[in-house]
Amino acid sequence: MLWGGTVTEPEPYATAAFAFAGPSHLLVNPNRLYPVDEAILARGAFALSWLARSQRDVMLALIGARRREPDKVRALGLAVEAGPLDLPALAGAPRTAFCTLERWLDTGDHRLLIGRVVELRTDAARLAEPPLLYADVTAAPSVAPRLERLARRALVATGALDAWRRRRGVVARPRSLPEETYLDGGQTEAELATLLAPGVRDLGRRLAPPASPPPVPPAPLGVCVVGPGGWGAVHAQLVRAVHPAARLYVCGRDAARTEAFARRAGAAGWFTDLAAAAADPAVQALTLALPHDVHRAAIEALAAARKPVLLEKPIATTLADADAILAAEVAGLPLMVAEDMHWRPAIATAARLVAQGAIGEPLYADMVAGGHLRPSGWKADVARMGGGVWLDVGVHYVRALRLLLGEPTRVLAARAMTVNTKMGGEDSARVLFASEAGWQAQLLTSWVTGRFDLPDITLFGERGTLCCWPRRRWVELHTTAPTALGRLAAVARPAALREWLLGLPLGRRRIPLDDPDPTGYAAEFRAFLGGVARGALPAGNARAARRDLELVLAGYDALRDGGWVPVPPDAG
Amino acid sequence: MTGTLALVLVGGARVEHVALTSSFAEVAHHPAALWVALPPASAVARWLAAHERLTLVVLAAGQRALARACADAGDGVPAALAALPRGDGHFAVAGALSSTHGRVTARESVGDQALFLVAIDAADLDPATVGGAPLLAEVPA
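Each value, and the rule that gives it
- Residues numbered from 1 in each chain as written.
- Chains lettered and ligands numbered in written order.
- Predicted model: local features only at pLDDT ≥ 70, side-chain atom pairs only at ≥ 80, totals over all residues.
- Helix = DSSP H or I, 4+ residues; strand = E, 2+ residues; numbered from the N terminus.
- Buried ≥ 20, exposed ≤ 12 C-beta atoms within 10 Å, placed from the backbone.
- Contact = placed C-beta atoms within 7 Å.
- Rg over C-alpha atoms; globule rule 2.2 N^0.38 Å.
- Expected span 1.5 Å × (residues − 1).
- Core = buried A, V, L, I, M, F, W, Y, C linked by C-beta atoms within 7 Å.
- Axes fitted to C-alpha atoms, helices over the stretch in contact; angles between N-to-C directions.
- Parallel < 35°, antiparallel > 145°, perpendicular 65-115°, else oblique.
- Nonpolar A, V, L, I, M, F, W, Y, C, P; charged D, E, K, R; others polar.
- Pairing = 2+ DSSP bridges.
- pLDDT = per-residue confidence, 0-100.

Quick word on the overall build of chain A
Item 1. Within chain A one finds 23 helices and 24 strands.
Item 2. Along the first, second and third principal axes, the C-alpha set of chain A runs to 90 × 60 × 45 Å.
Item 3. Burial statistics for chain A: of 572 residues in total, 45% are counted as buried.
Item 4. Residue pairs at least 24 apart in sequence account for 71% of intrachain contacts in chain A once pairs closer than 6 positions are excluded.

Right, dumping it as structure tokens:
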């Protein structure tokens, strides 16, 4: 395992190509497509950790890691220790050599780096273990290596292997090793430039999914749900579900409606004045499920009380309102903007799988969201809503996009004919985001087409595809890596059996989610109420919500403009 | 330090010199190349000052005796290799994991070693040993 960078910014790389040239020099040749090459040249130093056979899984994880993943150590959970020259090394490796880069030779798609060894470190506990060899990670371990060797020799001696290869058209020796090596994995300078154009690392992702929040401490909390409507009822249920000891309060402008809501929800009390609710000592936190256009006014009314607030998404309908809300947070209001997508376990699982290289470099995302809905009241009023389905639903998927792939740099949008003439905003919209990091994502939001049981998020990568469903407790990974069953199916006869076998999801794996609630709502409320109980809400939440809004508004700009529109850089 | 052992064979119609080494590795996929380090005073390194072709033979685990014979032969060629025919213009050692043939394109001095960069032309893979274990040795580091 080759290491570039520093112990605080380590860059690991899997290699089997290295050797000592005499006792003082160590030669390695990293692939120029990987960030380690740049990291070593920048620092003028590197380390090489030799692994024991028992560390095979560590090496396999690194081999499979996403090439442009900027933090492979965290993504793979590698244990790093510091060496001389502030160099990183694998903790627990039997041997590690720390080198200064003496010079390098321009040798094509892999540079030959010549290092002078400054220290050789050993781990006595592991020295006795057999070393990990190239063959150990390029093939499945044999259960009976001696028998396998004997069988191979018998096949060669009898000519059976040659006969089989002739029949299969397998040529025993490549006609041109250089040509075949190049076609298998080599790159010309022009090809290197093409592949490196989006960056040797993908640095476009600023947000990472949080860990699943722990349970809320059991001490009772007074929580006031502001907005006795349909979504306020969902807030009340979520408060009850994640914190059964909570004392519920309700606040609404209409006394009769609010009282009825409080009675149904089993609330301990109710208010018709927001400032009074915030000032009441029985209320320790508030959740806001209000029309979008009153978010700013509500936050400004609550600012003086400085009690923790959970504000429903979108943060606001304009950036000016969002900035005013952020200003209240800066002035001391503990604020979290609700975004279930941020806490949805499928997003965390998918992001982890992407970082670990399960689909290789992600190239495209398809997100399809919405479903049949005929909005009424303020949701049908474009001035109060701030838009249509693209604002209301799109803002969720913009967050998903940012968590999974990163920040887009431009946007294109279009929409089909209007079907629902009873709403002021758009009833459907298709928005295409693109990033200089090399990916594109299409977000289709619609309240006039069916959702059915389709995945709402599909990520397409060079090595596989990931599918997420809103309410399933797993994500599906379809990989292009051949499976033993797939290979068997490909040669099965008769043809009808082969076709049937190939139709089975042989390359599919279902990866279970870490959290029993697949929606993310329970985790979101655990994060909020747990933060209230512990005196610290999750940081950066409101600013992330402002960025979501900024991207949604850029989508509206593109819808009006009809062409690609640059997205403002993330100021976050 | 554990290293994989290989032989470097040079010669014309027959093997003229052989060196045992664990200092070698691939360099690049394009252009396909490898590097090998040898003591500059060795017979193989001296031969390569005037000739460019060599064969690098990666030894299989069962070829310890051949490795020992090469180590004991000094600048000479052990009997097992002296009569090795140059088939298809290359030397190929039966039972080895691979025999890779190439041309020296550059020579560098690295510490007390001469480093040869070799453009790869072709390789022989013995189907009986493909995927087999290499011959390992503890080498000084």
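Let's pick the thread back up.
A few points about the overall build of chain B
Item 1. Regarding its fold elements, chain B presents three helices and 11 strands.
Item 2. Secondary structure elements in chain B, listed N-terminal to C-terminal, are β-β-β-β-β-α-β-α-α-β-β-β-β-β.
Item 3. Rg of the C-alpha trace for chain B: 14 Å, near the compact-globule value of 14 Å for 141 residues, within the 12% margin.
Item 4. Seen through its C-alpha atoms, chain B measures out along the principal axes to roughly 35 × 35 × 30 Å.
Item 5. Counting only residues that meet the buried cut, chain B has 50% of its 141 residues in that class.
Item 6. Across chain B, contacts joining residues at least 24 apart in sequence account for 67% of those joining residues at least 6 apart.

Re helix α23 (residues 541–561) of chain A
Residue and element names in this part refer to chain A.
Item 1. Given a rise of 1.5 Å per residue, 21 residues ought to cover 30 Å, and the 30 Å separating the end C-alpha atoms of α23 matches this to within 8%.
Item 2. With 16 of 21 residues buried, α23 lies mostly within the body of the structure.
Item 3. Immediately downstream of α23, the backbone of G562 shows phi near 85°, a positive value.

Describing the nonpolar core
Item 1. In terms of nonpolar packing, the biggest core is built from 116 residues, with V226, Y249, A350 and L404 of chain A touching the most fellow members.
Item 2. Top contributing element to this core by residue count: α23 of chain A, with 11 residues.
Item 3. Excluding residues within four positions of it along the chain, Y249 of chain A makes contact with G222, V223, C224, A267, A268, G269, W270, F271, A277, A282 and V283 of chain A.
Item 4. In this structure, A19, I40 and A52 of chain A together with A19 of chain B belong to the second largest nonpolar core, which totals 88 residues.

Concerning the packing of helix α14 (residues 319–330) of chain A against α23 of chain A
Residue and element names in this part refer to chain A.
Item 1. Close contact between α14 and α23 brings their axes to 10 Å; oriented N to C, the two are set at 175°. The orientation of α14 with respect to α23, classified from their angle, is roughly antiparallel. In this structure, α14 uses L319, A322, I325, L326 and E329 to contact α23, whose residues at the interface are A542, R543, R546, L549, E550 and L553.
Item 2. Within the contact of α14 with α23, the residues separate by chemical class into seven nonpolar, no polar and four charged.

What about the pairing of strand β22 (residues 474–479) of chain A?
Residues and elements named next belong to chain A.
Item 1. Where strand β21 (residues 464–468) meets β22, five bridges bridge the pair, whose relative direction is antiparallel. Within β22, the position partnered with C467 by the bridge is E476.
Item 2. Linking β21 to β22, which pair antiparallel, is a turn of five residues.
Item 3. As defined by bridge partners, β22 adjoins strand β23 (residues 508–512) across five bridges and the pair is classed as antiparallel. The residue of β23 that forms the bridge with W474 is P512.

Quick notes on the packing of helix α10 (residues 230–242) of chain A against helix α22 (residues 521–534) of chain A
Residue and element names in this part refer to chain A.
Item 1. The geometry of α10 relative to α22 is characterised by a closest axis approach of 9 Å and an angle of 70° between their N-to-C directions. For the element pair α10 / α22, the angle class is roughly perpendicular. Residues L238, V239, A241 and V242 of α10 lie in contact with α22, whose contacting residues are Y521, A522, F525, R526 and L529.
Item 2. Looking at the contact of α10 with α22 residue by residue, the class counts come to eight nonpolar, no polar and one charged.

Regarding the interface of chain A and chain B
Item 1. At the interface, 39 residues of chain A touch 39 residues of chain B.
Item 2. At the level of secondary structure, the elements contributing two or more residues to the side of chain A that touches chain B comprise β3 (18–21), β4 (25–28), β8 (95–105), β9 (112–122), α6 (145–158) and α8 (177–185) of chain A.
Item 3. Broken down by element, the residue count for the side of chain A that touches chain B peaks at five residues, all from α8 of chain A.
Item 4. Residue classes in the side of chain A that touches chain B are distributed as 21 nonpolar, 12 polar and six charged.

Points about the sheet that holds strand β1 (residues 2–5) of chain A
Residues and elements named next belong to chain A.
Item 1. The strand order across the open sheet formed by seven strands is β2-β1-β5-β8-β9-β4-β3, and the pairing between neighbours is antiparallel. The open sheet has two free edges, formed respectively by β2 (10–13) and β3, since each of these has just one partner strand. When the angles between neighbouring strand axes are averaged without regard to direction, this sheet yields 35°.
Item 2. When β4 meets β9, the two strands line up antiparallel, connected through four bridges. Its bridge partner being in β9, H25 is matched across the sheet by R116.
Item 3. Helix-sheet contacts for helix α1 (residues 35–43) involve β1, β2, β5 (45–50), β8 and β9, and the interaxial angle to β1 is about 55°.

Some details on the sheet that holds strand β4 (residues 24–29) of chain B
Item 1. Spatially, β3-β2-β6-β9-β10-β5-β4 (chain B) is the arrangement adopted by the seven strands of the open sheet, whose pairing is antiparallel. The two strands at the open ends of the sheet, each matched to only one other strand, are β3 (15–21) and β4 of chain B. If you compare each strand with its neighbour and ignore which way they point, the axes differ by 35° on average.
Item 2. Sheet topology note: the strand β6 (residues 53–58) of chain B/strand β9 (residues 98–110) of chain B ladder contains six bridges and is antiparallel. Looking at β9 of chain B, one finds that L54 of chain B is bridged to G102 of chain B.
Item 3. Across the sheet, α8 of chain A touches β4, β5 (32–38) and β10 (113–124) of chain B, and the angle it forms with β10 of chain B is around 90°.

Some words on unusual backbone geometry
Item 1. Omega for the peptide link from R493 of chain A to P494 of chain A comes to 0°, which places this bond in the cis form.
Item 2. Positionally, P494 of chain A belongs in the loop between α20 (484–490) and α21 (495–503).
Item 3. Backbone torsion omega between H30 of chain B and P31 of chain B reads -5°, so that peptide bond is classified as cis.
Item 4. In the Ramachandran plot, R306 of chain A falls in the positive-phi region, its phi being about 55° despite a non-glycine side chain.
Item 5. Note that R306 of chain A resides in the loop between α13 (295–302) and β14 (309–311).
Item 6. Here F452 of chain A, not a glycine, exhibits a phi torsion of approximately 55°, which is positive.
Item 7. Tracing the backbone through its elements, the reader meets F452 of chain A in the loop between β19 (440–446) and β20 (457–461).
Item 8. Given 7 C-beta atoms within a 10 Å radius, F452 of chain A is considered exposed.

Quick look at the environment of T55 of chain B
Residue and element names in this part refer to chain B.
Item 1. Along the chain, the position of T55 falls in strand β6.
Item 2. For T55 and D112, which are 57 residues apart along the polypeptide, the C-alpha to C-alpha distance reads 22 Å.
Item 3. Aside from chain neighbours lying at most four places away, what touches T55 is L9, H90, F91, S99, T100 and H101.

Focus on the confidence of the model for chain B
Item 1. Across chain B, the average pLDDT comes to 89, with 94% of residues at or above 70.
Item 2. Across the assembled chains, the prediction reports ipTM 0.91 with pTM 0.90.

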